[in-house]
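Structure assessment
So you can see what is in the structure, the chains are spelled out below.
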Amino acid sequence: DTAVSQTPKYLVTQMGNDKSIKCEQNLGHDTMYWYKQDSKKFLKIMFSYNNKELIINETVPNRFSPKSPDKAHLNLHINSLELGDSAVYFCASSRRLAAYNEQFFGPGTRLTVL
Amino acid sequence: LAKTTQPISMDSYEGQEVNITCSHNNIATNDYITWYQQFPSQGPRFIIQGYKTKVTNEVASLFIPADRKSSTLSLPRVSLSDTAVYYCLVNGDSNYQLIWGAGTKLIIKP
């Protein structure tokens, strides 16, 4: 069983479109995250949710809106896609909120905006 | 927030021991040191975590000197499949300390 899953794995779309990425974890963890990894491999946290509550909202354009319908799911909706949004997006989860907790990552979603 | 500095890249050969050092001069008392491994087209994966001295598991060892201002990840007898990017993180109990550097790209040659 996949611990943290994301769909889709690849997403190719035109500028200006709206798209969503879904994430699910079956580990029973309290905390979930969205990361963006650029071409230089820098991993930057975007959002962190704990028990469905938004904890971290880094300097991310408000075109990005996370939604957590329940503790096991954290989806990412992106409006009006721009070229600079092209990256790999990773969902992750950890047992609890503390940063030192081991994080379990999904396989990533490669987003390409044309 | 404690930041980390690690080499951008390293090369080694199969069967060798590889040591990757991470510098974290501003580490706080309640910070832990954690290493992750990332293969191409995959998400990072936890390798090892420590607070002080030495920690060993089935994959690696982590050496932390008494001042905790640096740490060394040691991979014994590497193989081609250890080619990956290795990230060093220093994190405490605050969720706001999730800062990842660029990692060390390790290339293992036959």
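Residues numbered from 1 in each chain as written. Chains lettered and ligands numbered in written order. Predicted model: local features only at pLDDT ≥ 70, side-chain atom pairs only at ≥ 80, totals over all residues. Heavy atoms only, no water.

**What about the overall build of chain B?**
Note the following rule: Put simply, DSSP marks the helices as runs of H or I at least four residues long and the strands as runs of E at least two long, and each gets a number from the N terminus on. Radius of gyration: C-alpha atoms only; globule rule: 2.2 Å multiplied by the number of residues to the exponent 0.38. Categorising residues by exposure relies on relative accessible area from a 1.4 Å probe, with only protein chains included: less than 20% of the type maximum marks a residue as buried, more than 50% marks it as exposed, and the intermediate range marks it as partly exposed. The criterion used for residue contact is that any of the two residues' heavy atoms lie within 4.5 Å. Exposure was quantified through the Shrake-Rupley algorithm and a 1.4 Å probe, taking into account, for residues, occlusion by the shown protein chains and nothing else. Counted as positive: Lys and Arg. Counted as negative: Asp and Glu. His and the chain ends are not counted at all. For charged residues, the charge sits on one atom: NZ in Lys, CZ in Arg, CG in Asp, CD in Glu.
A count of helices and strands for chain B gives 0 helices and 9 strands. Order of helices (α) and strands (β) in chain B, N terminus to C terminus: β-β-β-β-β-β-β-β-β. Relative to its length of 110 residues, chain B is compact, with a C-alpha radius of gyration of 13 Å against a globular reference of 13 Å. Taking the principal axes of its C-alpha atoms as reference, chain B extends roughly 40 × 30 × 20 Å. The buried share among the 110 residues of chain B stands at 45%. A separation threshold of at least 6 residues defines the contact pool for chain B, and within that pool the share at least 24 residues apart is 55%. Surface summary for chain B: the accessible area is close to 5500 Å², and the carbon and sulfur share equals 52%. Within chain B, one finds 9 positive and 8 negative side-chain charges whose respective centroids are separated by 3 Å.

**Concerning empty space enclosed by the protein**
Residue and element names in this part refer to chain A. Inclusion rule: The method works on a 1 Å grid over the protein atoms by themselves. A cavity is a set of points holding a 1.4 Å probe that cannot get out, a pocket is an open set with protein on both sides within 12 Å along at least five of seven lines, and residues with an atom within 4 Å of a point line them. Grid points are joined across faces, edges and corners, and a volume is the space filled by probe spheres set on the points. Polar here means any residue other than Ala, Val, Leu, Ile, Met, Phe, Trp, Tyr, Cys and Pro, which are nonpolar, and Asp, Glu, Lys and Arg, which are charged; Gly is therefore polar.
Per the counting criterion, the structure on display carries 1 cavity of 30 Å³ or more. Of the voids in this model, the largest cavity is the one considered here, and its volume is about 40 Å³. If you list the elements that add at least two residues to the lining of the largest cavity, you get β5 (43–50), β7 (64–70) and β8 (73–78). Considered class by class, the residues forming the lining of the largest cavity number 3 nonpolar, 4 polar and 4 charged.

**Some remarks on the state of the cysteines**
Linking two cysteines covalently through their sulfur atoms gives a disulfide. Rule in force here: Any two cysteine sulfur atoms within 2.5 Å of one another count as a disulfide.
One pass over the structure, following the stated rule, counts 2 disulfides over all chains. The disulfide partner of A:Cys23 is A:Cys91, and the S-S distance across this bridge is 1.8 Å. Here A:Cys23 and A:Cys91 share a disulfide; its torsion about the S-S bond, -75°, makes the bridge left-handed. Of this pair, A:Cys23 sits in strand β3 (residues 19–25) while A:Cys91 sits in strand β9 (residues 87–94), and the two are 68 residues apart along the sequence. Neither A:Cys23 nor A:Cys91 differs from the other in exposure class; each is buried. Paired by a disulfide, B:Cys22 and B:Cys88 hold their sulfur atoms 2.2 Å apart. On the S-S bond that ties B:Cys22 to B:Cys88, the torsion sits near -80°, and the link is left-handed. Of the two residues, B:Cys22 is situated in strand β2 (residues 18–23) and B:Cys88 in strand β8 (residues 84–91); the sequence distance between them amounts to 66 residues. The pair B:Cys22 / B:Cys88 is uniform in exposure class, with both members buried.

**Observations concerning the packing of aromatic side chains**
Keep this limit in mind: Each Phe, Tyr or Trp ring (for Trp, its six-membered ring) is paired with any other whose centre lies within 6.5 Å, and the angle between the two planes then decides the class: stacked below 30 degrees, edge-to-face above 60, tilted in between. Look at NZ for Lys and CZ for Arg. If either is within 6 Å of the ring centre and within 35 degrees of the ring normal, a charge sits over the ring.
Using the criterion set out here, one finds 12 aromatic pairs over all chains in the structure. Each residue in the set A:Tyr33, A:Tyr35, A:Phe90, A:Phe105, B:Tyr36, B:Phe46, B:Tyr87 and B:Trp100 is aromatic and connected to the rest through ring pairs, giving one cluster. The aromatic ring of B:Tyr51 is capped on one face by B:Arg68, whose charged end is 4.0 Å from the ring centroid.

**Details of unusual backbone geometry**
Looking along the chain, the bond that leaves A:Thr7 and enters A:Pro8 is cis, with omega of -5°. Summarising the element assignment, A:Pro8 is placed in the loop between β1 (4–7) and β2 (10–13). In the Ramachandran plot, B:Thr53 falls in the positive-phi region, its phi being about 55° despite a non-glycine side chain. Relative to the assigned elements, B:Thr53 resides in strand β5 (residues 53–56). Even without being glycine, B:Arg77 reaches a positive phi, approximately 45°.

**Structural notes on the pattern of salt bridges**
Applied cut-off: We define a salt bridge as a contact between a side-chain nitrogen of Lys or Arg and a carboxyl oxygen of Asp or Glu at a distance within 4 Å.
Following the criterion strictly, the structure yields 4 salt bridges over all chains and no others. For the salt bridge of A:Asp30 with A:Lys71, the shortest nitrogen-to-oxygen distance reads 2.9 Å. With a gap of 41 residues between them, A:Asp30 in the loop between β3 and β4 (31–37) and A:Lys71 in the loop between β7 and β8 connect regions that are remote in the sequence. Residue classification places A:Lys71 among the partly exposed positions, given a relative accessible area of 35%. Put simply, B:Lys109 and B:Asp11 hold a salt bridge, and the shortest N to O gap is 3.2 Å. Residue B:Lys109 is found in strand β9 (residues 104–109), and its partner B:Asp11 is found in strand β1 (residues 9–13); the two are separated by 98 residues along the sequence. Note on B:Lys109: relative accessible area 31%, which makes it partly exposed. Beyond isolated ion pairs, a larger network of salt bridges with shared partners links A:Arg63, A:Glu82 and A:Asp85.

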